[in-house]
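# Residue-level structure breakdown
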Amino acid sequence: MTARLARRLLVAAVILGLWEFVRRAGLVSAVILASPSEIYLAFLSSGSEFLLAFRVTLGEIAVAIVIAWTLGLIAGLFLGTAAYAAAVIGPLLSSLFAIPLITWYPLLMIWLGIGSTSKIAYAALSGFFPIVLNTLNGVRQLDRQYVRFGRSIGCSHLAILFKIMLPLALPSVLSGLRIGTALIVIGVIVTEMLASVGGIGFWITYHRNLYDTGQVYLGILLSLICVLVVNLTLSRVERRFGAWRESEALER
Amino acid sequence: MASPGAVIEVRSLGKTFGDGPGAVAALEDISFTIEKGQFVSLVGPSGCGKSTLLQILAGLIAASSGEVLIEGSRVTAPLPGRIAIVFQDATLLPWKTAFENVTFPLEAQRVPKPTRQAKAQSMLELVGLADFAGKFPHQLSGGMKQRVSIARGLAQDPTIILMDEPFGALDEQTRLKMGQELLRIWDRTRKTIFFITHSLTEALYLSDVVLVMSRRPGRIVDRLAVELKRPRTYDMIGSAEFGQARNRIWRTITAGEDAAAAAGMVES
């Protein structure tokens, strides 16, 4: 365990060293590449502003996740169990998912303004589709005997959905959540880059226009941290609810 | 109106799926009664509507005509706590232990916690799985899963247990053993059991009465009271009496098939 950690640290150190060397030796122009030390300097000079931007972005991501997960899961569950609704709405959802959603962003901005709301709306929308589609498909593939079982023991429709169907469909649901959440992070940062007054995406664009390559790299680093935070949370959720699936796979 | 002693009474029951020219008649004019504590099997060719009949008895789907009376009152919805179903797949919840799977229906029926734990414990003991209470379904064999499923049904203390080909997915040996287990459990609890199976041997070995269903549209074409003594043993399967009964059912089923085939040839 510690040996592996040491090896990883060594690899990271070598990469950072090479990176620094390439810049110091003047092999690449400062506009194209910022060295680790330059990124650190950028952090020292405008770290507090970036942290503020980081907070804005993380906040938008959090709200978008709550919206997309809630609506996506509920819609997916209901569509998955209502055969008629799924037959009508399912293909519509799939085709909506297939068009580049970013084309909707100008409209969202007109409706909701340039602030956080339009970012949250766009990100939640882009995260919603994979969640709803995966949940829907996961639920539809379940053995109908489980529904009959639930009804025969006196479960309400809601109890069947949330206590039986949703946990059973978990593998598919989780992959929907994983894709949806990744799209939410992308959605927030991209829309911040397009037009906004705050957030990491805004800072990246702002400093790129000033050719502050160090700051741009700092922004990229911070968005990476956003992704890390979100992924950690997600694997927590997975470990909490998906443990039996893993042990099932192991024992097969 | 209801016959005394009858726990299940089916009266000229019919079921048609769809309507218009595309309608499919699944069940036609089905009538029978099952007495309290009886073990009744239903055999018939696959696709003849056995499962549909079971679902109507359970109140899961509505009949198109006729009616089902459970203990004298007409069935319109599932009767949790009075009718329990054991499905072909054990339908256990994989994230719950055997014990939690048995208590799950009791939770839904708002049985107090101490009661449901005591019941789960004693039912797992009854099916011989007391030592496996903490195991998850994926840690159990096919036969054990089905025994948990039976314990789950029994724990609800129903009057009737409906079993839809419960041993159909098991291998021959396990299947025979499970049959004997089921008889032992039935002997201890004296529930009314309605048992669907493909296997004529299984039906005769287990039941007091065997109902024989025809090809679609399913009708009851024979009702055979099994005269074999209880307790039943494996040796009985080889007896002349058993063989004769088996042949009778076989002839009834194949006669129906031949007639259907002949009718098919005339039509085409």
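Keep in mind it's a predicted model, so treat the numbers as computed, not measured.

## Brief notes about the overall build of chain B
Tallying secondary structure elements over chain B gives 7 helices and 10 strands in all. Its C-alpha atoms give chain B a radius of gyration of 19 Å, within 12% of the compact-globule value 18 Å for 268 residues. With respect to the three principal axes, the spread of C-alpha positions in chain B is 60 × 45 × 40 Å. Taking all 268 residues of chain B together, the buried fraction comes to 43%. Across chain B, contacts joining residues at least 24 apart in sequence account for 70% of those joining residues at least 6 apart.

## Examining helix α5 (residues 172-189) of chain B
Residue and element names in this part refer to chain B. If you check α5, its first and last C-alpha atoms are 25 Å apart, about what 18 residues at 1.5 Å a residue would give, namely 26 Å. Turning to α5, its buried residues number three or more, namely R175, M178, G179, L182, I185 and W186. Down the axis, α5 shows its buried residues gathered within 130° of arc, on one side only. Seen from the open side of α5, the exposed residues pointing more than 90 degrees away from its buried face are Q173, D187 and R188. Backbone geometry just after α5 places R190 at a positive phi near 55°.

## Structural notes on the sheet that holds strand β3 (residues 39-43) of chain B
All names here are of chain B. Taken together, the 6 strands give an open sheet; going across it, the order is β6-β7-β8-β3-β9-β10, and neighbouring strands pair in mixed fashion. If you trace the sheet from one side to the other, it starts and ends with β6 (83-86) and β10 (220-225), each paired once. Adjacent strand axes in the sheet meet at a mean angle of 15°, parallel and antiparallel pairs treated alike. The pairing of strand β9 (residues 209-213) with β10 spans 5 bridges and is classified as antiparallel. Bridged to V209 within β10 is A225.

## Side note on the interface of chain A and chain B
At the junction of the two partners, chain A supplies 17 residues and chain B supplies 18 residues. Within the residue set of the side of chain A that touches chain B, elements represented by two or more residues are α6 (145-152), α7 (157-168) and α10 (213-251) of chain A. Broken down by element, the residue count for the side of chain A that touches chain B peaks at 6 residues, all from α6 of chain A. Its residues assigned to classes, the side of chain A that touches chain B comprises 8 nonpolar, 4 polar and 5 charged.

## With respect to the sheet that holds strand β1 (residues 6-17) of chain B
Read across the open sheet, the 4 strands follow the order β2-β1-β4-β5 (chain B); overall the sheet is antiparallel. The outermost strands of the open sheet, each flanked by one partner alone, are β2 (24-35) and β5 (73-74) of chain B.

## Thoughts on the packing of helix α4 (residues 142-155) of chain B against α5 of chain B
Residue and element names in this part refer to chain B. Contact geometry for α4 and α5: axes closest at 11 Å, N-to-C directions at 20°. In this view, α4 runs roughly parallel relative to α5, as classed from their interaxial angle. When the axes of α4 and α5 are compared, the crossing they make is right-handed. Contacts from G142, G143, Q146, R147, I150 and L154 of α4 reach α5 at T174, K177, M178, E181, I185 and T189. Looking at side-chain class alone, the contact of α4 with α5 contains 4 nonpolar, 5 polar and 3 charged residues.

## Observations regarding unusual backbone geometry
Residue and element names in this part refer to chain B. Of the consecutive residues R216 and P217, the connecting peptide bond is found in the cis state with omega at -5°. For P217, the position within the fold is in the loop between β9 and β10. Here the phi dihedral of D157 falls at roughly 50°; this positive angle occurs in a residue that is not glycine. Among the secondary structure elements, D157 is positioned in the loop between α4 and β7 (160-164). We classify D157 as partly exposed; it has 15 C-beta atoms within 10 Å.

## Looking at the pairing of β2 of chain B
Regular strands place side chains that alternate from one sheet face to the opposite one. Residues and elements named next belong to chain B. For β1 and β2, the ladder comprises 8 bridges, and the chain directions are antiparallel. Its bridge partner lying in β2, T16 is registered against A25. The hairpin formed by β1 and β2 contains 6 residues between the paired strands, and G18 there has a positive phi angle of roughly 75°.

## Observations regarding helix α9 (residues 200-209) of chain A
Inspection of α9 of chain A places I200, G201, F202, W203, I204 and H207 of chain A among the buried residues, and these make up the whole buried set. In the segment just after α9 of chain A, Y211 of chain A is the residue with positive phi, at about 60°.

## Here we look at the nonpolar core
Within soluble globular proteins, side chains that are nonpolar generally end up buried alongside one another. In this structure, I184 of chain A together with A151, L162 and F194 of chain B are the most contacted members of the largest nonpolar core, which totals 134 residues. In terms of residue count, the dominant contributor to this core is helix α2 (residues 36-81) of chain A (14 residues). Setting aside anything within four residues of it in sequence, one finds F194 of chain B in contact with I8, I34, V40, L42, L57, I160, L162 and M163 of chain B.

## Details of the packing of helix α8 (residues 170-194) of chain A against α9 of chain A
Residue and element names in this part refer to chain A. Here α8 crosses α9 at 40°, and the two axes come no closer than 7 Å. Comparing the axis directions of α8 and α9 gives the class oblique. The two elements α8 and α9 cross, and the hand of that crossing is right-handed. Where α8 approaches α9, its residues I189, V190, T191, E192 and M193 are matched on the opposing element by I200, G201, F202, I204 and T205.

## Let's talk about the environment of Q146 of chain B
Residues and elements named next belong to chain B. When you line up the elements, Q146 lands in helix α4. Residue classification places Q146 among the buried positions, given that 29 C-beta atoms sit within 10 Å. Each C-alpha atom, one on Q146 and one on Q180, is 14 Å from the other, the two residues being 34 residues apart in sequence.

## Things to note about the environment of P171 of chain A
For P171 of chain A, the location among the structural elements is in helix α8. With 36 residues separating them along the chain, P171 of chain A and T135 of chain A place their C-alpha atoms 9.3 Å apart.

## Description of the pairing of strand β8 (residues 192-196) of chain B
Residue and element names in this part refer to chain B. Of all 5 residues in β8, 5 are buried, a share of seventy percent or more. As defined by bridge partners, β3 adjoins β8 across 4 bridges and the pair is classed as parallel. The partner of S41 across the bridge, within β8, is F195. Two elements, β7 and β8, share 5 bridges in a ladder whose sense is parallel. Of the residues in β8, the one forming a bridge with D164 is I196. What joins β7 to β8 is α5, and the crossover it makes is right-handed.

Criteria and thresholds
- Residues numbered from 1 in each chain as written.
- Chains lettered and ligands numbered in written order.
- Predicted model: local features only at pLDDT ≥ 70, side-chain atom pairs only at ≥ 80, totals over all residues.
- Helix = DSSP H or I, 4+ residues; strand = E, 2+ residues; numbered from the N terminus.
- Rg over C-alpha atoms; globule rule 2.2 N^0.38 Å.
- Buried ≥ 20, exposed ≤ 12 C-beta atoms within 10 Å, placed from the backbone.
- Contact = placed C-beta atoms within 7 Å.
- Expected span 1.5 Å × (residues − 1).
- Arc of directions from axis to C-beta.
- Pairing = 2+ DSSP bridges.
- Axes fitted to C-alpha atoms, helices over the stretch in contact; angles between N-to-C directions.
- Nonpolar A, V, L, I, M, F, W, Y, C, P; charged D, E, K, R; others polar.
- Parallel < 35°, antiparallel > 145°, perpendicular 65-115°, else oblique.
- Left-handed = near helix turned anticlockwise from the far one by under 90°.
- Core = buried A, V, L, I, M, F, W, Y, C linked by C-beta atoms within 7 Å.
- Right-handed = clockwise from strand over helix to strand, strands pointing away.

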